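# Fold and geometry: a report
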Amino acid sequence: MTVLDLRSDTVTRPTEAMRAAMARAEVGDDVYGEDPTVRALEERVAALFGHEAALFTPTGSMANVLAVGLVVAPGQEVLCEARAHIARAELGAHAAVSGITMRTWSHPRGQVDLAALDDLFAPDLGPFFVPTAAISVENTHNFAGGAVLPLADLQALRAFAAERGAAVHLDGARIWNAHVATGTPLAAYGACADVLAVCLSKGLGAPVGSLVVGPADLVAEARIRRKRLGGGMRQVGILAAAGLHALDHHVDRLADDHDHARLLADACGADPAGVATNIVTFDRPDAVAFVEKARAEGLLIGAVGPRTVRLVTHLDVTRADAEAAAKVLARL
Ligand SMILES: *Cc1c(COP(=O)(O)O)cnc(C)c1O
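Along each chain, numbering runs from 1 in the same order as the chain's sequence is written. This being a predicted model, a pLDDT of at least 70 is required before a residue's local features are given, and a value of 80 or more before pairs of side-chain atoms are given or counted; all residues contribute to the totals for chains, interfaces and linings. With hydrogens and water set aside, each side-chain value is computed from the structure's full complement of heavy atoms.

### Structural notes on the layout of surface pockets
The criterion, for reference: Buriedness of a pocket was judged along seven lines, with at least five required to meet protein on both sides within 12 Å; pockets are open sets of points on a 1 Å grid over the protein atoms alone, cavities are sets where a 1.4 Å probe fits but cannot get out, and lining residues have an atom within 4 Å of a point. Grid points are joined across faces, edges and corners, and a volume is the space filled by probe spheres set on the points. Numbering of helices and strands runs from the N terminus, with a helix taken as a DSSP run of H or I at least four residues long and a strand as a DSSP run of E at least two residues long. All domain edges in this entry derive from an automatic or database-based domain assignment.
Considering only enclosed or pocket space, the largest pocket measures out at about 410 Å³ in volume. When residues of the lining of the largest pocket are traced back to their parent elements, those giving at least two are β9 (279-283) and β11 (302-305). With 3 residues, β9 is the single largest residue contributor to the lining of the largest pocket. Residues from two domains meet in the lining of the largest pocket; each of domain 1 (16-249) and domain 2 (253-331) gives at least three.

### Quick notes on the packing of helix α1 (residues 16-23) against helix α11 (residues 237-249)
Basically, it comes down to this: With axes taken as lines fitted to C-alpha atoms, and helix axes fitted only over the stretch in contact, angles between N-to-C directions fall between 0 and 180 degrees. Angle categories: roughly parallel below 35 degrees, roughly antiparallel above 145, roughly perpendicular from 65 to 115, and oblique for all the rest. Crossing handedness: left-handed means the near helix sits turned counterclockwise from the far one by under a right angle, and right-handed means the same turn made clockwise. Two residues form a contact once any of their heavy atoms are found within 4.5 Å. Side-chain classes follow a simple rule in which Ala, Val, Leu, Ile, Met, Phe, Trp, Tyr, Cys and Pro form the nonpolar group, Asp, Glu, Lys and Arg form the charged group, and the remainder, Gly included, forms the polar group.
The N-to-C vectors of α1 and α11 enclose an angle of 135°; their axes lie 8 Å apart at closest approach. By the angle between their directions, the pair α1 and α11 is classed as oblique. α1 and α11 meet at a crossing whose hand is right-handed. Contact residues: A17, M18, A21 and M22 in α1; I238, L239, A241, A242, H245 and A246 in α11. In terms of residue class, the contact of α1 with α11 is built from 9 nonpolar, 1 polar and no charged.

### Things to note about the domain arrangement of the chain
We apply this condition: Each of two parts loses accessible area, computed with a 1.4 Å probe, when they are put together; buried area is these two losses added. Criterion for a salt bridge: a side-chain nitrogen of Lys or Arg within 4 Å of a carboxyl oxygen of Asp or Glu. We call two N or O atoms a polar contact when they sit within 3.5 Å, provided that within protein one can donate a hydrogen and the other can accept it, with sequence-adjacent residues counted only if both atoms are side-chain atoms.
Parsing the chain into structural domains produces domain 1 (16-249) and domain 2 (253-331). With 18 residues of domain 1 at the contact, the number on the domain 2 side is 12 residues. Of the roughly 1200 Å² buried between domain 1 and domain 2, counting both surfaces, carbon and sulfur atoms make up 58%. Inspection of the domain 1/domain 2 interface yields 0 salt bridges. If you look at where domain 1 meets domain 2, you find 4 residue pairs in polar contact (both at pLDDT 80 or more).

### With respect to empty space enclosed by the protein
Summed over all chains, the structure comprises 1 cavity of 30 Å³ or more. Forming the boundary of the largest cavity are V137, L154, L157, V168, L170, C192 and A193. Of all the elements in the fold, those that place two or more residues in the lining of the largest cavity are α7 (151-163) and β6 (167-172).

### Quick notes on the sheet that holds strand β2 (residues 53-57)
Heads up, the rule is: Between any two strands, at least two bridges found by DSSP are needed for them to pair.
Reading across the sheet, the 7 strands line up as β2-β8-β7-β6-β5-β3-β4 and stay open at both edges, with mixed pairing between neighbours. Unpaired on one side and paired on the other, β2 and β4 (101-105) mark the two borders of the sheet. Between one strand axis and the next, the sheet turns by 20° as a mean value, whatever way the strands run. Summarising the sheet, β6 and strand β7 (residues 195-199) pair through 4 bridges and their orientation is parallel. Residue pairing for β7: D171 is matched across the bridge by A197.

### Concerning the site of the ligand
What counts, and what does not: Any residue with a non-hydrogen atom lying within 4 Å of a molecule or strand is treated as near it. Using a 1.4 Å probe, the Shrake-Rupley method yields the accessible areas, and only the shown protein chains count as cover for residues.
Around the ligand, the neighbouring residues are T59, G60, S61, N64, H85, E90, E138, N142, D171, A173, R174 and K202. Within the side chain of R174, one N or O atom sits 2.8 Å away from an oxygen atom of the ligand. When the free accessible area of the ligand is taken as 380 Å², the share hidden by the protein chains comes to 84%. In terms of residue count, helix α3 (residues 60-71) provides more of the shell around the ligand than any other element does, 3 residues in total. Tallied by class, residues from the shell around the ligand come to 1 nonpolar, 6 polar and 5 charged.

### Notes on the pairing of β6
Rules: Any residue under 20% of the maximum accessible area for its type is buried, any over 50% is exposed, and the rest in between are partly exposed; the area is computed with a 1.4 Å probe on protein chains only. Here the term right-handed applies to a crossover when the path leading from its first strand over the helix to its second strand runs clockwise, the strands being oriented away from the viewer.
Counted residue by residue, β6 has 6 buried out of 6 residues, so it is predominantly covered. Neither face of β6 is exposed, since A167, H169 and D171 on one face and V168, L170 and G172 on the opposite face are all buried. Taking the sense of rotation as the criterion, the β-α-β connection linking strand β5 (residues 132-138), α7 and β6 turns out right-handed.

### Looking at the nonpolar core
Going by this rule: In plain words, nonpolar cores are sets of buried Ala, Val, Leu, Ile, Met, Phe, Trp, Tyr and Cys residues tied together by side-chain atoms within 4.5 Å.
Core analysis: the largest hydrophobic core is formed by 50 residues, its most contacted members being L41, F49, I135, W176 and L211. Ranked by the residues each element gives to this core, the list is headed by α11, at 5 residues. If we ignore the near neighbours within four places in the chain, the residues touching W176 are L48, F49, L186, V198, C199, L200, L204, L247 and L254. Core analysis: the second largest hydrophobic core is formed by 23 residues, M62, L66, A167 and A197 among them.

Here's what the structure looks like:
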């Protein structure tokens, strides 16, 4: 039985062309700052987002821990949406590693809610309340079904935070999908955040790699903290080369993933117009059993809650794969 894997866009395997680019990468010891391919990737990504500097990290979770930790000190808090990756899917790292607490607002599509933020925001009132140091947003929002945060909302958030002396952290693991879906320049997203974390190993199809993006002084501090966490990597240009290749070849094609996601949503009885990017979530009272039924048909999908099923399209899903999956889902 052929198996189609729609559990996540992290399951992609490097293409032959990507492997060739990795094989010919020029490398050096990056802990000494001597890997030219890593430097090229860091400079390129910083420039794409209109920031001064960037730092290559092994995972998006490490990029988020570093990025949030740059703008929130131990004993301070970050505000985020209730289903944010930093709150749900990083195993408490921001508390366990950085001593940071979180409070959340809830939005069915993971959106910014300035009225809720106005209620939540805690200025530094002396030794009584945890002061809010930053607000974190996720674009696209993973557990809100790949929802895009409109640029105008991010700009309003940036102004709201600036008025209160707080920083904005953008978890841009899938910012590329938001960029392709809306045509918004990456630099416009970059201008809405003090620090960003972006991933190369989701829709872009690199095997490994994320970056922290921000001002030079903060990124220099992140470099020290990355080493402290055990994330100083040596001839890692081999992996950075995969990222550079992905930026050259795998950004525009994300539009195909978005088309495939709409096709799958339609087959599941969800509204394709509600699918903004490459993630389809829909509610089933029997989500876990549904996932098992799909597995028996050679379709790997995931449950992201007791009643929520998630499908993710990616580089290794062809049009024909999506059509075959749609048939199975419609039948189930
Ligand atoms: C995948 C993801 C990350 C990072 O995950 P890693 O598996 O640690 O690379 C961060 N934020 C969001 C929204 C994600 O989907």
